Amino acid sequence: MIRIADLYAGIGGIRLGFEQAFGKENVDCVFTSEIDKHSVTTYSANFGEENIYGDIRKISASEIPDHDILLAGFPCQSFSVAGLKKGFNDERGQAFFEIERILKAKKPKAFLLENVPNLKSINNGEIFQFMLRRLEEIGYKINYEILSGKDFGVPQNRRRLYIVGYLDHSKTFEFPKPLGIKTHVSDVIEKDVDASYSLSDHRWNHIQERMKCGSTGWCSYKIFDENAPYTTTLVARYLSHPEKIMLKHPTGNPRRLTERECARLQGFPDTFIIDRVPKTQIYKQFGNSVCVPVIKAIAKQIKDTFFTKEFR
């Protein structure tokens, strides 16, 4: 049995990937922290209500049980291209220090952190190098890599930075290689989608006008058909900004993705419960979540590298 702690858990995408890689029966999530009440609702519907806590800043390390692996998809808005790139000057950027605090106190065998690729380059890379030094000072050997969902079986070009740390320096961790699975947008499309998902004439005209780029022509909106290999990145504001991923309609205006299509685009199984919160929150939750198959592939590498004795 592997004990995990799930920080900044969202709806549990990272936990789900580890359960898939290790086997659900072999994973004991001893601690979960998530501050957003709607995310907690979805998380609880799928994983149960046990061991779920709120704001990690209000929880002392002594209250957190010992665990083997720490997981954290910590807030990325302060590091993202779409955000203001304030880094540590943004309150959300302070999340790293909470992770550091817990790693220092609990010393799990390994950890996995997830964030946006821009974290590597903001402030000429100084913030990222600062983070790496702090993690190494605790005693962890660090590996990091940028991976995309489209290389792991989901039709979405979602590039994210993954950081793996481990205490056993005698081991060498390697990130998973692309699986070489051909994907198509049709893999996630639902049948008989209600007409309400199609953009109204007013909305479609507004998008086209707003996205004009003067003499350079049209830009910034994307329409995909079912034969496209993958979409662009799903964002948290997708419901109010569907122009980045619109599906071609054979006769009418393009349409936005359904809630379930967003879940599939992130690699969540259709058994994952999504309808316990308002529609606006469903879209936000999947835009903020992770590509589960990528997490599963990383988790399998962690399992095979550091936990061979437990799973012989």
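Residues numbered from 1 in each chain as written. Predicted model: local features only at pLDDT ≥ 70, side-chain atom pairs only at ≥ 80, totals over all residues. Heavy atoms only, no water.

**Quick word on helix α3 (residues 95–106)**
Every α-helix carries 3.6 residues per turn, so stepping three or four residues along brings you back to the same face.
Phase 1: An ideal rise of 1.5 Å per residue puts 16 Å on twelve residues; α3 measures up with 17 Å between its terminal C-alpha atoms.
Phase 2: For α3, the set of buried residues is A95, F96, E98, I99, E100, I102, L103 and K106.
Phase 3: Against the buried residues of α3 lie β1 (2–7), β4 (69–72), β5 (110–115) and α4 (126–138).
Phase 4: In the stretch just after α3, K107 is the one whose phi turns positive, near 50 degrees. (Helix = DSSP H or I, 4+ residues; strand = E, 2+ residues; numbered from the N terminus. Expected span 1.5 Å × (residues − 1). Buried < 20%, exposed > 50% of the residue type's maximum accessible area, 1.4 Å probe, protein only. Contact = heavy atoms within 4.5 Å.)

**Focus: unusual backbone geometry**
Phase 1: For Y8, which is not glycine, the phi dihedral falls at a positive 45 degrees.
Phase 2: Positionally, Y8 belongs in the loop between β1 and α1 (13–22).
Phase 3: For K107, which is not glycine, the phi torsion reads 50 degrees and is therefore positive.
Phase 4: Inspection of the secondary structure assignment puts K107 in the loop between α3 and β5.

**Quick look at the confidence of the model for the chain**
Do not read the predicted coordinates in detail wherever pLDDT is low.
Phase 1: On average, residues of the chain score 92 in pLDDT, and 91% of them are at 70 or above.
Phase 2: Scored below 50 in pLDDT, residues 80–85 makes ten contacts in the model with residues more than four places away or belonging to other chains. (pLDDT = per-residue confidence, 0-100.)

**A look at the nonpolar core**
Phase 1: One finds F18, F22, I69, L112, F286, I298 and I302 to be the most contacted residues of the largest nonpolar core, which totals 56 residues.
Phase 2: Ranked by residues supplied to this core, first place goes to helix α8 (residues 292–306) with eight residues.
Phase 3: Every residue in contact with F22, bar those within four places of it in the chain, is listed here: I2, V27, I69, A299, K303, F307 and F311. (Core = buried A, V, L, I, M, F, W, Y, C linked by side-chain atoms within 4.5 Å.)

**Some remarks on the pairing of β5**
Phase 1: With six of six residues buried, β5 lies mostly within the body of the structure.
Phase 2: Going residue by residue along β5, you find A110, L112 and E114 tucked away on one face and F111, L113 and N115 tucked away on the opposite face as well.
Phase 3: Bridge count for β4 against β5 is four bridges, and the pairing is parallel. Within β5, the residue paired with A72 across the bridge is L113.
Phase 4: As paired elements, β5 and strand β7 (residues 159–166) share six bridges and run antiparallel to each other. Its bridge partner being in β7, L113 is matched across the sheet by I163. (Pairing = 2+ DSSP bridges.)

**Quick notes on the side chain of D68**
Phase 1: Along the chain, D68 turns up in the loop between β3 (52–53) and β4.
Phase 2: Look at D68 and you get buried, because its relative accessible area is 8%.
Phase 3: Once residues lying within four places of it in the same chain are set aside, the contact partners of D68 are M1, I2, R3, P108, K109, A110 and F307.

**Let's talk about the sheet that holds β7**
Phase 1: Spatially, seven strands are ordered β3-β2-β1-β4-β5-β7-β6 in an open sheet, and the strand pairing comes out mixed. Where the open sheet ends on each side, the last strands, each with one partner, are β3 and β6 (141–148).
Phase 2: α1 rests against β1, β2 (27–33), β4 and β5 of the sheet, and its axis sits at about 140 degrees to β4.
Phase 3: Together, β4, β5, β6 and β7 form the strand contacts of α8, whose direction differs from that of β7 by roughly 15 degrees. (Axes fitted to C-alpha atoms, helices over the stretch in contact; angles between N-to-C directions.)

**Comments concerning the packing of aromatic side chains**
Phase 1: Across all of its chains, the model carries 17 aromatic pairs by this definition.
Phase 2: Considering the side-chain rings of F111 and Y140, the 5.0 Å spacing of their centres and the 70 degrees angle between planes classify their relative orientation as edge-to-face. Of the two residues, F111 sits in strand β5 while Y140 sits in the loop between α4 and β6, which places them 29 residues apart along the sequence. For the residue pair F111 and Y140, the accessibility class agrees, reading buried in each case.
Phase 3: Seen in terms of ring centroids, F128 and Y144 are 4.9 Å apart; in terms of plane orientation they differ by 90 degrees. Their pairing is edge-to-face. Taken together, the residues F128 in helix α4 and Y144 in strand β6 connect sequence positions 16 residues apart.
Phase 4: Judged by relative accessible area, F128 falls into the buried class, the value being 1%.
Phase 5: What makes Y144 partly exposed here is its relative accessible area of 34%.
Phase 6: A network of ring pairs unites the aromatic residues Y43, F47, F268, F272 and F286 as a single cluster. (Phe/Tyr/Trp six-rings, centres within 6.5 Å; stacked < 30°, edge-to-face > 60°.)

**Some words on the environment of K182**
Phase 1: Checked against the element boundaries, K182 lands in the loop between β7 and α5 (201–210).
Phase 2: Judged by its relative accessible area of 75%, K182 falls in the exposed class.

**Some details on the packing of α1 against α8**
Phase 1: For the pair α1 and α8, the least separation of the axes is 7 Å and the interaxial angle reads 50 degrees. The orientation of α1 with respect to α8, classified from their angle, is oblique. Relative to α8, the crossing made by α1 is right-handed. On α8, the residues that touch G13, I14, L16, G17, F18, Q20, A21 and F22 of α1 are V292, I295, K296, A299, K300, I302 and K303.
Phase 2: Of the residues in the contact of α1 with α8, the class split is nine nonpolar, three polar and three charged. (Parallel < 35°, antiparallel > 145°, perpendicular 65-115°, else oblique. Left-handed = near helix turned anticlockwise from the far one by under 90°. Nonpolar A, V, L, I, M, F, W, Y, C, P; charged D, E, K, R; others polar.)

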